[in-house]
Amino acid sequence: MVPLVVPALAKKGIDLIVRRDDLVDPLLSGNKFYKLYWNLEEARARDLPSVASLGGPWSNHLHALAAAGYQQGIRTIGVIRGERPAELSATLRDAEALGMALCFISRDDYRQLTRQADMSPLQQWLEARYGRLLLIPEGGGNVAGARGAEAMAWAIEQQLGGDYQEVCVACGTGTTLAGVAAALPDGKRACGFSVLKGAGKLAADISRLYRCLQPRPRPMAWRLVSGFHGGGYAARLPAGLVDFQQRFEQEQGFLLDPVYTLKLFFAVLQLAQDGYWRRGTRLVVVHSGGLQGRRGFGQPFTELSGLLNKKPITV
Ligand SMILES: *Cc1c(COP(=O)(O)O)cnc(C)c1O
C-alpha cells in the first residue's frame, strides 16, 4: 500500500492509498492471482488434470491462468473465439510459452457451444479433446473467483486497521468487486468502476456473486460507477486518457494498463476533484495489475523471457 500524492486532492481533504496488486507476482499479477486461487484448488481437490478457460487475444485472465499452470504444474487450455491468426498476439505467445494449449473455435461452433446458459456443451466438447478438466468462465467470473478476491478486502482492513471508508476497483465481470464487497466489514464500501461500454447485466452479476458469499443483506456494501469506460475494450484510447496516462505514470512512478486501471484512476481522481467524496474521506484504490495488456495498445511492458528462468513461485 502506498499513498498517492495528488496535491489538488489533499487540499480537498481526500486521502488516497494504492494497493499495489500489480506487484504480487511477476507473472501472475493483480486480481487474477486471487480469482484463480480457489478455482485451481477445486481442480486439485477433484483431481482434474487440466483447467480451461476462455478469453480474447489480449486476455489478462488467460495470461494469468497460463502463468498459474506453469508455476503449479497444471495443464491449461485457452479457448479463443475465431480462427488461429497467422501471427499470435504477444499475450497468446506468452501463454503458449507458459505451456498453455491454445484452442481456437470458429465463431459458429462457439455460438453453438455457448448457446445455453450453463457451460456443459462446451465442457463436453473440450473434454472430448483434452480429457477431464475444470472449465472456468470467461474472465474468471464465478463464485470461486469472488471468494478469492475476499482476501484483498481482509488484507486492506488489517493493514489499515479500519482507517478508510471506501475501496475502489476496476470492473470487467465484477467478480473482484463482489468478493471485496462481501468481505469488507460493516460500514465500509466497495466502489466498482465499469470499463465496459454497456454495463448491461453487470450489477445483476455482482449481486448474485455477492449474495453467494454474504447472505446477510447489507444494502450499502457496494456501488457501481459507469461512464468512465473510454470506449470499452476498444484498442484505441481517447486522447484525453492517453494524456492522463502519460502524466500519471510520470508523476506517480508506476505504470497503468489501458483497459482497467487507467480508467479506474482517471475516474477516481476526476470524481474526487468534483466533490464526489466528503472532505476527510480515505480511499483505497486497487491497482489490479494487467500490465501485460499494455502490449495490445503498443505500450511497452517487460517481456516474458527474462522471467521464465527464475525459480517458479507457488501460490
Ligand atoms: C480482469 C481485470 C479486472 C476486472 O476484474 P473483474 O473481476 O472481472 O471485474 C480489473 N483489472 C485488471 C487489471 C484486470 O486484468
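Placed above this text is the structure.
Residues numbered from 1 in each chain as written. Predicted model: local features only at pLDDT ≥ 70, side-chain atom pairs only at ≥ 80, totals over all residues. Heavy atoms only, no water.

Visitor: What should I look at first to understand the packing of helix α10 (residues 239-252) against helix α11 (residues 261-273) in this one?
Guide: Two quantities define a packed helix pair, namely the angle between the axes and the distance from one axis to the other. At a closest axis distance of 10 Å, the pairing of α10 and α11 adopts a crossing angle of 90°. Taken together, the axes of α10 and α11 lie roughly perpendicular to each other. Between α10, through Leu 241, Phe 244, Gln 245 and Phe 248, and α11, the contact on the second element is made entirely by Leu 262, Lys 263, Phe 265, Phe 266 and Leu 269. Its residues placed into classes, the contact of α10 with α11 shows 7 nonpolar, 1 polar and 1 charged. (Axes fitted to C-alpha atoms, helices over the stretch in contact; angles between N-to-C directions. Helix = DSSP H or I, 4+ residues; strand = E, 2+ residues; numbered from the N terminus. Parallel < 35°, antiparallel > 145°, perpendicular 65-115°, else oblique. Contact = heavy atoms within 4.5 Å. Nonpolar A, V, L, I, M, F, W, Y, C, P; charged D, E, K, R; others polar.)

Visitor: Would you explain the packing of aromatic side chains in this entry?
Guide: Aromatic ring pairs: the centre-centre distance and the angle between the two ring planes describe each pair. Applying the stated criterion across every chain, the model contains 9 aromatic pairs. Between Phe 254 and Phe 265 the ring centres are 6.0 Å apart and the planes differ by 65°, which places this aromatic pair in the edge-to-face class. With Phe 254 in the loop between α10 and α11 and Phe 265 in helix α11, the pair connects residues that are 11 residues apart, well separated along the chain. By the burial criterion, Phe 254 is buried, and Phe 265 matches it. Geometrically, the ring pair formed by Tyr 276 and Trp 277 is edge-to-face, given 4.8 Å between the ring centres and 90° between the ring planes. Given the relative accessible area of 34%, Tyr 276 is considered partly exposed. For Trp 277, a relative accessible area of 7% gives the class buried. Among the aromatic residues, ring-to-ring pairing joins Phe 228, Phe 244, Phe 248, Phe 254, Phe 265 and Phe 266 into one connected group. (Phe/Tyr/Trp six-rings, centres within 6.5 Å; stacked < 30°, edge-to-face > 60°. Buried < 20%, exposed > 50% of the residue type's maximum accessible area, 1.4 Å probe, protein only.)

Visitor: Before we go on, may I ask you to explain the site of the ligand in this structure?
Guide: In the vicinity of the ligand lie 16 residues, with Lys 32, Lys 35, Thr 173, Thr 176 and Ser 288 positioned nearest. A distance of 2.9 Å separates an oxygen atom of the ligand from a polar side-chain atom of Asn 31. With respect to the ligand, the side chain of Thr 173 contributes an N or O atom lying 2.6 Å from an oxygen atom. Protein chains shield 98% of the accessible area of the ligand, which is 390 Å² for the free molecule. Taken together, the elements giving at least two residues each to the shell around the ligand come down to α2 (31-45), β7 (166-171) and α8 (175-183). Partitioned by chemical class, the residues of the shell around the ligand number 3 nonpolar, 10 polar and 3 charged. (Near = heavy atom within 4 Å. Polar contact = N/O pair within 3.5 Å; in protein donor to acceptor, adjacent residues only side chain to side chain. Areas by Shrake-Rupley, 256 points an atom, 1.4 Å probe, with all protein chains shown as cover.)

Visitor: Mind showing me how you'd approach unusual backbone geometry here?
Guide: Where the residue is not glycine, phi is negative for most of them; where a peptide bond is considered, it is trans in most cases. Its identity is not glycine, yet Asp 47 carries a phi of approximately 60°, on the positive side. Locating Asp 47 in the fold gives a position in the loop between α2 and β3 (50-54). Using a relative accessible area of 60% as the deciding quantity, one classes Asp 47 as exposed.

Visitor: Explain the nonpolar core here, please?
Guide: One broad rule of soluble globular proteins: the nonpolar side chains tend to lie buried together. Counting residues in each nonpolar core, the largest one holds 54 residues, and the members touching the most others are Leu 36, Val 51, Leu 102, Val 167 and Trp 222. Beyond its immediate chain neighbours, meaning those up to four positions away, Leu 102 contacts Gly 78, Ile 80, Arg 84, Leu 88, Leu 92, Ala 95, Glu 96 and Tyr 130. Counting 33 residues, the second largest nonpolar core, distinct from the first, contains Ala 170, Leu 241, Leu 262 and Phe 265. (Core = buried A, V, L, I, M, F, W, Y, C linked by side-chain atoms within 4.5 Å.)

Visitor: What am I meant to see in the sheet that holds β7 here?
Guide: Consider a sheet: its strands pair through backbone hydrogen bonds, and that pairing is either parallel or antiparallel. Strand order in this open sheet of 6 strands is β1-β2-β10-β7-β8-β9, and the pairing throughout is mixed. Looking at which strands have only one partner, the edges of the open sheet turn out to be β1 (2-3) and β9 (222-225). Running over the sheet, α8 touches β7, β8 (189-194) and β9 and is turned about 170° from β8. (Pairing = 2+ DSSP bridges.)

Visitor: So what exactly am I meant to see when it comes to the pattern of salt bridges here?
Guide: In total, this model carries 16 salt bridges according to the counting rule given. Among the ionic pairs, Glu 96 bridges to Arg 84, the shortest N-O distance being 3.2 Å. Here the residue Glu 96 occupies a position in helix α4 (residues 90-97), and Arg 84 occupies one in the loop between β4 (75-81) and α4, the gap between them amounting to 12 residues. Judged by its relative accessible area of 33%, Glu 96 falls in the partly exposed class. Assessed through its relative accessible area of 44%, Arg 84 is described here as partly exposed. Of the charged contacts, one joins Arg 294 and Glu 249 as a salt bridge, the two residues approaching to 3.0 Å between their closest N and O atoms. Taken together, the positions of Arg 294 in the loop between β10 (282-287) and α12 (305-308) and Glu 249 in helix α10 put the pair 45 residues apart, joining distant regions of the chain. A relative accessible area of 4% places Arg 294 in the buried class. (Salt bridge = Lys/Arg side-chain N within 4 Å of Asp/Glu carboxyl O.)

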